[in-house]
Number of protein chains: 2
Amino acid sequence: MIKLKREEIQNLVQSELPEISMASDNDSLFNYGKDWIDFYVPDPSIILFPKHNAEVIRIVSFANKFSIPIVPSGGRTGLSGGATATGLEMVVSLKNMSSVIDFNAEDETITVQAGMSTQALQLEAEAKDLYFPIDFASKGTSCIGGNIATNAGGIHVIRYGMIREWVVGLKVITPLGQEMKLNNGLIKNNTGYDLRHLFIGSEGTLGIITEATIKLTRKPRETVVGILGVHDIQNVPKILSLFKKDLVLVAFEFFTNIALNHAIEYGGFSYALTRDHNNYVIFEIENLHEKGIDDLDQVISNLHRLGYIHEDAIAMDPSSINNVWKHRETIPVALTRFQPYKNDISVRTSNIPDLIIEMNLLLNTQYPDFSIVWFGHIGDGNLHVNILKPNTWTPSEFKAACDIVNEKVCQLVEKFEGSVSAEHGIGLIKKPFLRFSKSELEIEFMRSIKKIFDPNSIMNPGKIF
Amino acid sequence: MIKLKREEIQNLVQSELPEISMASDNDSLFNYGKDWIDFYVPDPSIILFPKHNAEVIRIVSFANKFSIPIVPSGGRTGLSGGATATGLEMVVSLKNMSSVIDFNAEDETITVQAGMSTQALQLEAEAKDLYFPIDFASKGTSCIGGNIATNAGGIHVIRYGMIREWVVGLKVITPLGQEMKLNNGLIKNNTGYDLRHLFIGSEGTLGIITEATIKLTRKPRETVVGILGVHDIQNVPKILSLFKKDLVLVAFEFFTNIALNHAIEYGGFSYALTRDHNNYVIFEIENLHEKGIDDLDQVISNLHRLGYIHEDAIAMDPSSINNVWKHRETIPVALTRFQPYKNDISVRTSNIPDLIIEMNLLLNTQYPDFSIVWFGHIGDGNLHVNILKPNTWTPSEFKAACDIVNEKVCQLVEKFEGSVSAEHGIGLIKKPFLRFSKSELEIEFMRSIKKIFDPNSIMNPGKIF
C-alpha cells in the first residue's frame with residue numbers, strides 16, 4: 001500500500017508541513033510506534049505532534065494527498081496493538097494537545113483536548129468538587145482520546161458504566177480532513193443517527209478525536225470494602241444479585257485460590273481471612289447513609305445462611321481497605337514472572353460459572369501442564385484468563401500452544417454469546433478472533449461504514465478488520 | 001417511487017404472503033397509517049401483522065422483490081410523523097409480537113419482543129422486584145421497539161438517562177431481510193463499531209427492531225417532591241446545580257407563571273404555594289436514608305439564603321405529592337383549547353435562561369399577540385415551547401406565522417448549539433429543521449450509512465432526511 005520510502009516521507013513532511021513539530025530519531029520511532037504489547041515490530045516513518053485542530057487538519061489533508069497512512073496516538077497503553085505503527089505510517093501524537101478548553105459548573109461538563117491524561121481529567125474534576133468515574137491502572141499515561149477511541153472500562157463499570165456513557169460531545173477530524181462536532185454537550189438530542197457513538201470504540205479507524213466534552217458527577221461518599229470466601233463458583237452470580245439488590249456496588253471482583261496463592265507468595269499484604277477457599281470475591285460499596293453498615297451486615301448474614309459464602313472480612317478504615325484490595329491488585333504483578341498468555345473476555349454474568357468450569361475441563365484435559373488463573377471484573381461479566389508457562393516448556397512452544405488454546409477459548413466465548421474483547425478492543429491482536437463475537441453480516445456493515453468515512457484507507461488501516 | 005397501485009399491492013401480498021395476518025379495511029388503513037400527529041393524510045396500502053421473526057423476514061424480502069416501501073409500526077404515539085404512511089407503504093405492525101422471550105434474574109435482564117408496551121415492560125420488571133426506569137405519558141400505548149427506534153426519554157432522564165443506556169441487546173431485521181443480533185446482552189464488549197447504538201434512534205430507517213434485551217435496575221426508594229417559586233430565571237440552573245450536588249434527583253421540571261396560570265384556570269389541584277412567582281420548579285428526590293430530609297432542608301435553606309428561591313412547599317405523603325405534580329401535569333392539557341404550536345427543543349442547561357429571554361424578546365417584539373408558554377424537563381435541558389393561537393387569528397393565519405416563528409426558534413437553538421428535537425425524533429415534521437442541529441457533513445454521513453443498510457430504499461423512506 002505504501003509506495004514511498006521512509007526518507008521520502010520524512011522529506012515530504014518537512015517540506016509540506018514545516019510548521020508541525022516532528023521527530024524521526026530512532027528512540028521516538030520505537031516508542032511512538034507501539035503500545036504496551038511487545039508483539040509487533042514498531043516501524044513508523046515519522047512522529048508528528050500537532051498543537052491544535054488546524055494542524056491536525058493540515059496533517060490529514062497531507063496524508064490524503066500522498067496516500068500515507070496515519071496512526072492516531074494517545075498514551076499508547078493499549079493491549080491490543082491498536083496504536084501500533086508497523087508499516088511506515090505517520091504517527092500523529094496528541095501529546096501537545098492536553099488542555100482544558102472549557103468547564104461549565106452549571107452543566108457539570110468539562111471540554112478537554114484529547115491528549116489530556118485520564119488522571120489529569122480526574123484531578124481537574126476533583127478540583128471542581130466533581131468526579132470523573134473512569135478509572136484503571138494505566139490512568140497516569142492513557143489519554144482521553146484513546147479512552148474514547150477504545151471505549152475504556154476499568155474498575156468502576158458496575159457503578160458508572162463504560163466511558164461511552166460520559167461522553168456528551170466530540171470534536172473529530174475525519175479521514176478526509178474535515179472537522180466535525182458531534183452532540184455539543186447535550187443530554188437529549190434525537191436528531192438522526194448518533195455518530196458520536198460510532199466514533200466511541202472505533203479505535204482510530206474513522207478519524208482523529210481531538211476534543212471531548214465529558215459529563216462529570218458528584219463525588220462518591222465513603223466506601224466499605226470486603227472479601228468473601230466462596231466454595232462453589234456457581235454461587236458467585238447469586239451473591240452478586242443479592243448485593244445489587246440492596247447495596248450500591250462500586251466494584252465486584254473475583255479470583256480463584258490459584259490466583260490468590262500467587263499473590264500471597266508475591267507478598268505485600270496480610271491475608272484478610274483465616275481459612276482457604278476455592279474462590280474469592282472482593283466487593284466495594286458506597287456507604288450512602290448511617291444504616292449502610294446494617295444493610296451490609298444483613299446481606300452478609302443472609303449469604304452465610306444460604307450457604308453461598310463461608311467466610312468474610314469487612315474493611316472500613318483506609319489501611320484495611322488498602323490491604324483487602326491488594327489481594328486482587330497483586331495478582332497480575334505476581335503472574336508476570338510466568339510470562340502469562342492473557343485474554344480479556346466477557347459473558348453475561350450468569351454464564352460465568354459454566355464458562356470457567358467448561359474451560360478448566362477442556363484445558364485440564366488437553367493441556368494438563370498448564371496452570372490457568374482466573375480473575376476479573378466479574379460484576380460486569382469481564383474475566384481475565386491467564387495461562388502460565390510451565391517451566392519445562394520453551395517460550396515458542398508455549399506461544400504456539402496458546403494460539404491453539406486461544407481459538408478454543410474463543411469458541412467457548414462464542415458458545416456463551418460473549419465478547420472476545422471486553423475492554424481492550426480488537427486492534428491487531430484480536431483480528432483473527434473478531435468473528436467469534438460478531439457475525440459476518442455485522443463485520444461487513446462495519447467495513448462499509450469504514451469506507452464511507454475513510455475512502456482512501458489512510459486512518460489506522462489494518463486495525464479491527 | 002411506487003409504481004404499483006393499492007389493489008395491486010394488496011393482491012400481491014395476498015398471493016405471495018398468504019400466511020401473514022393482514023388488514024386493508026379503511027379504519028385499519030387510517031389508524032395504522034398515522035401517529036399522534038394529525039398533520040399528514042394516512043395512505044398505506046396494507047397493514048401486516050407478523051407473529052414472529054421469520055414472518056418479518058418474509059415480509060421484508062417480499063418488499064425488496066417488488067420495491068414496496070415498509071413503515072415499521074409500534075404504538076404510533078410519536079409526535080414527529082415518524083410512523084406515518086402517506087404513500088401506499090406497507091405498514092408492518094409489531095402488535096402481535098409482544099411476549100417476554102427471556103428473563104434472567106442473575107443478569108437482571110429481560111428480553112422481549114418489540115411490540116410489548118412500555119407499561120407492560122414496567123409491570124414485568126415490577127413482578128420480578130426490579131425496575132424499568134423509562135417512563136412517559138404515552139407508556140400504555142407506546143411499544144419498546146418504537147421507544148428504542150426513537151431513543152425515548154421522558155420524566156426520569158435526569159436520573160436514569162435515555163433508553164439508549166438500558167438496551168444491552170437487539171435483534172433486528174435489516175432492510176435486505178437478514179436477521180442480525182447486536183451485543184447479546186453484554187455489559188462490556190469492545191469488538192469494533194457498536195451497531196446497536198446506530199439502530200437506537202434510527203426511527204425505523206435502518207431496519208425493523210424485533211427483539212430487545214433490556215437491563216433492569218433496583219426499584220427506587222420513596223421519593224419527596226417539592227415546588228419552588230423563583231423570581232429570576234437566571235437562577236434556575238444554579239438551583240439545579242445545588243440539588244445535583246447533595247441530593248439524588250429523580251426529576252427537575254420548570255414552568256413559567258403563564259403556564260401555571262393556565263393550569264390553575266383549568267383546575268383539578270390546589271395551589272401549593274401562597275404567593276405568585278415569575279417561574280416555578282418542581283423537583284423529585286429519592287430519599288435514600290433517614291437523613292435525607294435534613295439534607296433537603298439544608299439545600300432549601302441555602303437556596304433561600306442565596307436569594308435563588310422565594311417560596312417552597314415540600315410534599316411527602318402520596319396525596320400531597322400527587323397535588324404538587326398536578327401543577328406541572330395539567331399544563332399541556334390546559335393548553336389544548338388554544339390549539340398550541342408545539343416544539344420540543346434542548347440546550348445545555350446553563351443556556352436555558354438566555355434562550356428563554358432571547359426567544360421571548362424576539363417573539364414579543366415581532367408577534368406581540370402571541371402568548372408563549374414555557375415548560376419542560378429542564379433538568380436535562382429539554383424545553384417544550386408552546387405558542388398559543390390568539391382568538392382573533394384564524395388557524396391558517398396562525399399556522400403560517402408559526403412556521404416562520406419555528407424557523408426563528410430553530411435559529412436560536414442553533415445559536416446555542418442545541419437540539420431541534422430533544423426526544424421526539426425527526427420523522428417527517430422536523431426534516432426542514434435538521435440542518436439547525438446537524439452539519440451538512442454529518443447529514444451526508446447519515447445518508448451514506450442509510451444507503452449501506454437499505455440500498456433499495458424500502459425501509460421507512462423519506463423519514464429523517
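Just above, that's the structure.
Residues numbered from 1 in each chain as written. Chains lettered and ligands numbered in written order. Predicted model: local features only at pLDDT ≥ 70, side-chain atom pairs only at ≥ 80, totals over all residues. Heavy atoms only, no water.

Quick word on the overall build of chain A
Each helix and strand in chain A was counted, giving 14 helices and 16 strands. The globule rule puts the C-alpha radius of gyration for 465 residues at 23 Å, and the 23 Å found for chain A is close to it. For chain A, with 465 residues in total, the buried portion stands at 62%. In chain A, of all internal contacts separated by at least 6 residues, the share reaching a separation of at least 24 is 73%. Surface summary for chain A: the accessible area is close to 17,100 Å², and the carbon and sulfur share equals 50%. Distance from the positive charge centre (44 side chains) to the negative charge centre (55 side chains) of chain A: 4 Å. (Helix = DSSP H or I, 4+ residues; strand = E, 2+ residues; numbered from the N terminus. Rg over C-alpha atoms; globule rule 2.2 N^0.38 Å. Buried < 20%, exposed > 50% of the residue type's maximum accessible area, 1.4 Å probe, protein only. Contact = heavy atoms within 4.5 Å. Areas by Shrake-Rupley, 256 points an atom, 1.4 Å probe, with all protein chains shown as cover. Lys, Arg positive; Asp, Glu negative; His and termini not counted. Charge placed at Lys NZ, Arg CZ, Asp CG, Glu CD.)

Concerning the side chain of Ser 241 of chain A
With respect to the secondary-structure elements, Ser 241 of chain A resides in helix α8 (residues 236-246). Residue Ser 241 of chain A is classed as buried on the basis of its relative accessible area of 15%. Leaving out residues up to four positions away in the same chain, Ser 241 of chain A has contacts with Ala 105, Glu 106 and Glu 108 of chain B.

What about the relation of the copies chain A and chain B?
Its rotation angle being 180 degrees, the transformation that places chain A on chain B also includes 0.0 Å of axial translation and leaves an RMSD of 0.0 Å. In symmetry terms, the pair is related by a two-fold rotation axis. The overlap is high: 100% of the interface residues of chain A also sit at the interface in chain B, so the same surface is used on both sides. (Least-squares fit on C-alpha atoms with pLDDT ≥ 70 in both.)

A closer look at the side chain of Thr 84 of chain B
Residues and elements named next belong to chain B. For Thr 84, the position within the fold is in the loop between β3 (70-73) and β4 (90-93). A polar contact of 3.2 Å, which involves the side chain of Thr 84, links it to the backbone oxygen of Gly 81. Residue contacts for Thr 84: discarding those within four places in its chain leaves Gly 33, Lys 34, Asp 35, Tyr 40, Val 71, Glu 89, Leu 428 and Lys 463. (Polar contact = N/O pair within 3.5 Å; in protein donor to acceptor, adjacent residues only side chain to side chain.)

Examining the sheet that holds strand β1 (residues 21-23) of chain A
Strand-to-strand pairing in sheets goes through backbone hydrogen bonds, with the strands running parallel or antiparallel. Residues and elements named next belong to chain A. The strand order across the open sheet built from four strands is β1-β2-β4-β3, with neighbouring strands paired in mixed fashion. This sheet does not close on itself; its edge strands, each paired only once, are β1 and β3 (70-73). On average, each strand axis in the sheet is inclined to that of its neighbour by 25 degrees, with strand direction left out of account. Both strand β2 (residues 46-49) and strand β4 (residues 90-93) contribute to a ladder of three bridges, which runs parallel. Within β4, the position partnered with Ile 47 by the bridge is Val 91. Of the strands in this sheet, β1, β2 and β4 are in contact with helix α1 (residues 6-16), which crosses β2 at around 25 degrees. Docked against the sheet, helix α3 (residues 53-65) engages β2, β3 and β4, running at close to 165 degrees with respect to β4. (Pairing = 2+ DSSP bridges. Axes fitted to C-alpha atoms, helices over the stretch in contact; angles between N-to-C directions.)

Some remarks on helix α11 (residues 318-335) of chain B
All names here are of chain B. Taking 1.5 Å of rise per residue, 18 residues should cover 26 Å, and α11 covers 26 Å from first to last C-alpha, within 8% of that figure. Its axis deflected by about 40 degrees at Lys 326, α11 carries its strongest bend there. Within the sequence span of α11, burial applies to Ile 321, Asn 323, Val 324, Trp 325, His 327, Arg 328, Thr 330, Ile 331, Ala 334 and Leu 335. (Expected span 1.5 Å × (residues − 1). Bend = angle between axes of the 7 residues up to and from the residue.)

Structural notes on the state of the cysteines
Linking two cysteines covalently through their sulfur atoms gives a disulfide. All chains considered together, the criterion is met by zero disulfides over all chains. A disulfide-free cysteine, Cys 402 of chain B has its sulfur positioned 12 Å from the sulfur of Cys 410 of chain B, the nearest such atom. (Disulfide = S-S within 2.5 Å.)

Digging into the sheet that holds strand β1 (residues 21-23) of chain B
Residue and element names in this part refer to chain B. If you walk across this open sheet you meet the four strands as β1-β2-β4-β3, and the pairing is mixed. The strands lining the two open edges of the sheet, one partner per strand, are β1 and β3. Averaged over all pairs of adjacent strands, the angle between strand axes in this sheet comes to 25 degrees, irrespective of strand direction. Against the sheet, helix α1 (residues 6-16) contacts β1, β2 (46-49) and β4, and its axis sits at roughly 25 degrees relative to β2. Sheet strands touched by helix α3 (residues 53-65): β2, β3 and β4. Its angle to β4, the strand with the most contacts, is close to 165 degrees.

Thoughts on the pairing of strand β9 (residues 208-215) of chain B
Residues and elements named next belong to chain B. For β9, a buried count of seven out of eight residues is recorded, marking the element as mostly surrounded by other parts of the structure. The sheet contact formed by strand β7 (residues 167-173) and β9 spans six bridges and is antiparallel. Note that in β9 the partner of Leu 170 across the bridge is Ala 212.

Section: the packing of helix α12 (residues 352-366) of chain A against helix α13 (residues 395-415) of chain A
All names here are of chain A. At a closest axis distance of 11 Å, the pairing of α12 and α13 adopts a crossing angle of 155 degrees. Looking at the two axes, α12 sits roughly antiparallel to α13. Between α12 and α13 lies a crossing of right-handed hand. Contacts between α12 and α13 involve Leu 355, Glu 358, Met 359, Leu 362, Leu 363 and Gln 366 from the first element and Val 405, Lys 408, Val 409, Leu 412, Val 413 and Lys 415 from the second. For the contact of α12 with α13, the per-class residue count stands at eight nonpolar, one polar and three charged. (Parallel < 35°, antiparallel > 145°, perpendicular 65-115°, else oblique. Left-handed = near helix turned anticlockwise from the far one by under 90°. Nonpolar A, V, L, I, M, F, W, Y, C, P; charged D, E, K, R; others polar.)

Observations concerning the pattern of salt bridges
Residue and element names in this part refer to chain A. Evaluated as defined, the whole model comprises 54 salt bridges over all chains. Between Lys 51 and Glu 55 there is a salt bridge, with the nearest N and O atoms lying 3.4 Å from each other. Look at Lys 51 and you get partly exposed, because its relative accessible area is 38%. For Glu 55, a relative accessible area of 6% gives the class buried. (Salt bridge = Lys/Arg side-chain N within 4 Å of Asp/Glu carboxyl O.)

With respect to the interface of chain A and chain B
The interface is formed by 82 residues belonging to chain A together with 82 residues belonging to chain B. Between chain A and chain B, a total of about 7,000 Å² is buried, with carbon and sulfur atoms accounting for 52% of that surface. Area buried by chain A at its contact with chain B is led by Lys 188, Asn 190 and Tyr 193 of chain A, which between them contribute 15% of it. Scanning the region where chain A abuts chain B turns up 14 salt bridges. In this assembly, chain A and chain B are joined by 36 residue pairs in polar contact (both at pLDDT 80 or more). When contributions to the side of chain A that touches chain B are tallied by element, the ones reaching two or more residues are β8 (179-182), α7 (195-199), α8 and α14 (440-453) of chain A. By residue number, the principal contributor to the side of chain A that touches chain B is α14 of chain A, which donates nine residues. Within the side of chain A that touches chain B, the residues separate by chemical class into 26 nonpolar, 29 polar and 27 charged. (Buried area = accessible area lost by both parts, 1.4 Å probe.)

Concerning the environment of Val 250 of chain B
Residue and element names in this part refer to chain B. Note that Val 250 resides in strand β11 (residues 249-256). A sequence separation of 25 residues divides Val 250 from Val 225, and the C-alpha atoms of the two residues are 9.6 Å apart. Setting aside chain neighbours within four positions, we find Val 250 in contact with Ile 155, His 156, Ile 158, Arg 159, Thr 223, Glu 284, Ile 285 and Glu 286.

With respect to the nonpolar core
One finds Met 90, Phe 243 and Phe 453 of chain A together with Met 90 and Phe 453 of chain B to be the most contacted residues of the largest nonpolar core, which totals 183 residues. Among the elements that line this core, the one with the most residues is α13 of chain A, at eight residues. Residues in contact with Phe 453 of chain A, not counting those within four places in the same chain, are Pro 175, Leu 176, Met 180, Leu 195, Leu 198, Phe 199 and Leu 206 of chain A together with Phe 445 and Ile 449 of chain B. Of all hydrophobic cores here, the second largest spans 50 residues; its members include Val 224, Ile 300, Tyr 341 and Phe 416 of chain B. (Core = buried A, V, L, I, M, F, W, Y, C linked by side-chain atoms within 4.5 Å.)

Let's talk about the packing of α1 of chain A against α3 of chain A
Residues and elements named next belong to chain A. Direction vectors running N to C along α1 and α3 enclose 130 degrees, while the axes themselves pass 12 Å from each other. With respect to α3, the axis of α1 lies oblique. For the pair α1 and α3, the crossing hand works out as right-handed. Side by side, α1 and α3 meet where Leu 12, Val 13 and Glu 16 of the first sit next to Arg 58, Phe 62 and Lys 65 of the second. Of the residues in the contact of α1 with α3, the class split is three nonpolar, no polar and three charged.

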